[in-house]
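The residues making up each chain are set out below.
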Amino acid sequence: MAQKKRILVACGTAIATSTVVARKIEEELGKRNIPVETTQCKAAEVPSKVEGHDLVVTTTFVSGTGDVPVIHSVSFLTGVGIEKDIEKIVEYLKD
Amino acid sequence: MTSTSLQFSDLVKPECILDNLQVGSREEALTTMARHLVDAGYCHDSFVEAILERERIHPSGLPMPGHKIAIPHTDAEHVQSSVILFARLQNPVRFQSMGDPDEAIPVQMISMFALKEKKLIGDMLETLITVYQHNEVLDAILNADGRDAIFHLLQDAVRTHGK
């Protein structure tokens, strides 16, 4: 089994919209048999927490992500464009 | 009642639905709503400024497929007792979109989350966001006949669509 990919999920509070996004990502990637581990944080904490993650998904503006790719999207909240964002995530997590 | 047993139906009350709110800007809408929660004893005074500040840094407008909404919230330390406030505005005001701060969206319905328990905010956001993805629900609320009708539509929608 492939090693779990690590996704950092950010929002303003670390407990609000990032919770909804993290649950949705785990659900959708679970359906595709892609093991992931999500960690939630505040947008301001991203620079100090990004190390060791394969991807950042955020509902608000973030900076200081270094080489780690970032997806800034609200599709998991509005329901518009979820499929496209999941495809993007899957693509980024490919070895 | 323990906090873990709080349900949506415990958190939305007719007195926490503001109908026909007449405001001219996002700031006025948020201030009026937050002040309502402070005056009713649900939030500390600091909640008002915390909501405004959070909105400036992290906009809460959501470009749903049909009617747009906003979901302002802030840190739990400003909350005394958990509640969800819903407002229907007489006229839409412009909110910045959460996904793209350069995009302004017209918002006529606002859910303000004042929740003390961390797990509750994730659960309630998930519940209401799932509901708001159904445009027919927002359409019915926008056209509802008064506060009690809005209250019942929200309760019914959460029972039907909520997670």
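As shown above, the structure is provided for reference.
In what follows, the accompanying structure is described. Please read these numbers as outputs of a predicted model, since none were measured by experiment.

Cut-offs applied
- Residues numbered from 1 in each chain as written.
- Chains lettered and ligands numbered in written order.
- Predicted model: local features only at pLDDT ≥ 70, side-chain atom pairs only at ≥ 80, totals over all residues.
- Heavy atoms only, no water.
- Helix = DSSP H or I, 4+ residues; strand = E, 2+ residues; numbered from the N terminus.
- Buried < 20%, exposed > 50% of the residue type's maximum accessible area, 1.4 Å probe, protein only.
- Contact = heavy atoms within 4.5 Å.
- Core = buried A, V, L, I, M, F, W, Y, C linked by side-chain atoms within 4.5 Å.
- Pairing = 2+ DSSP bridges.
- Axes fitted to C-alpha atoms, helices over the stretch in contact; angles between N-to-C directions.
- Buried area = accessible area lost by both parts, 1.4 Å probe.
- Salt bridge = Lys/Arg side-chain N within 4 Å of Asp/Glu carboxyl O.
- Polar contact = N/O pair within 3.5 Å; in protein donor to acceptor, adjacent residues only side chain to side chain.
- Nonpolar A, V, L, I, M, F, W, Y, C, P; charged D, E, K, R; others polar.
- Expected span 1.5 Å × (residues − 1).
- Arc of directions from axis to C-beta.
- Disulfide = S-S within 2.5 Å.

### Concerning the overall build of chain B
Within chain B, the secondary structure is distributed over six helices and five strands. Traced from its N-terminal end to its C-terminal end, chain B shows the element sequence α-β-α-α-β-β-β-β-α-α-α. Over its C-alpha atoms, taken along the principal directions, chain B stretches across nearly 40 × 35 × 25 Å. Burial statistics for chain B: of 163 residues in total, 53% are counted as buried. Within chain B, contacts between residues at least 6 apart in sequence are counted, and of these 72% link residues at least 24 apart.

### Details of the nonpolar core
The biggest cluster of nonpolar side chains holds 54 residues, and the ones touching the most others in it are Ile7(A) and Ile89(A). The dominant element in this core, judged by the number of residues it contributes, is helix 4 (residues 118–132) of chain B, at eight residues. Once residues within four sequence positions are removed from consideration, Ile7(A) is found in contact with Ile25(A), Leu29(A), Val36(A), Glu37(A), Thr38(A), Thr39(A), His53(A), Leu55(A), Val57(A), Ile89(A) and Leu93(A).

### Notes on the sheet that holds strand 1 (residues 17–21) of chain B
All names here are of chain B. In space, the five strands of this open sheet follow the order 1-4-5-3-2, with mixed pairing throughout. Sheet topology places strand 1 and strand 2 (61–62) at the edges, where each strand pairs with a single neighbour. Contacts from helix 6 (residues 147–161) reach strand 1 and strand 4 (83–96), with the element oriented near 130° to strand 1.

### With respect to the interface of chain A and chain B
Counting residues at the interface gives 20 residues for chain A, matched by 22 residues for chain B. Carbon and sulfur atoms supply 63% of the area that chain A and chain B bury against each other, a total of about 1700 Å² over both sides. For chain A, the biggest contributors to the area lost against chain B are Ile15(A), Arg23(A) and Thr78(A); these three give 29% of the whole. With a closest N to O distance of 3.7 Å, Asp75(B) and Lys42(A) form a salt bridge. At the surface where chain A touches chain B, the tally comes to six residue pairs in polar contact (both at pLDDT 80 or more). For the side of chain A that touches chain B, the secondary structure elements donating two or more residues are helix 1 (17–31) and helix 3 (75–78) of chain A. Broken down by element, the side of chain A that touches chain B gets its largest block of residues, five residues, from helix 1 of chain A. By residue class, the composition of the side of chain A that touches chain B is eight nonpolar, nine polar and three charged.

### A closer look at helix 2 (residues 26–39) of chain B
Residue and element names in this part refer to chain B. With 14 residues, helix 2 ought to run about 20 Å at 1.5 Å a step, and its terminal C-alpha atoms sit 20 Å apart, in line with that. Looking only at helix 2, the buried set comprises Arg 26, Ala 29, Leu 30, Met 33, Ala 34, Leu 37 and Val 38. The buried residues of helix 2 occupy an angular sector of 165° when projected down its axis, which confines them to one face. On the buried face of helix 2, the contacting elements are strand 1, helix 3 (46–57), strand 4 and strand 5 (104–114). Count one or two residues on from helix 2 and you reach Gly 41, which has phi positive near 90°.

### Remarks on the state of the cysteines
On inspection of all chains with the given rule, the structure shows zero disulfides over all chains. The closest cysteine sulfur to the non-disulfide-bonded Cys11(A) is located on Cys41(A), 8.4 Å from its own sulfur.

### As for the pattern of salt bridges
The tally for this structure, following the rule as stated, stands at 21 salt bridges over all chains. Here Lys119(B) and Asp123(B) are joined by a salt bridge, their closest N and O atoms 2.6 Å apart. Of the two residues, Lys119(B) and Asp123(B) both sit in helix 4, four residues apart, roughly one turn of that helix. Exposure remark for Lys119(B): the relative accessible area of 58% places this residue in the exposed category. Within this structure, Lys24(A), Glu27(A), Glu28(A), Lys31(A), Arg32(A) and Glu83(A) form a network of salt bridges that share partners.

### Some points on the environment of Phe151(B)
All names here are of chain B. When you line up the elements, Phe 151 lands in helix 6. Each C-alpha atom of the pair Phe 151 and Ile 129 lies 17 Å from the other, and the pair is 22 residues apart in sequence. Beyond its immediate chain neighbours, meaning those up to four positions away, Phe 151 contacts Val 12, Lys 13, Pro 14 and Ile 17.

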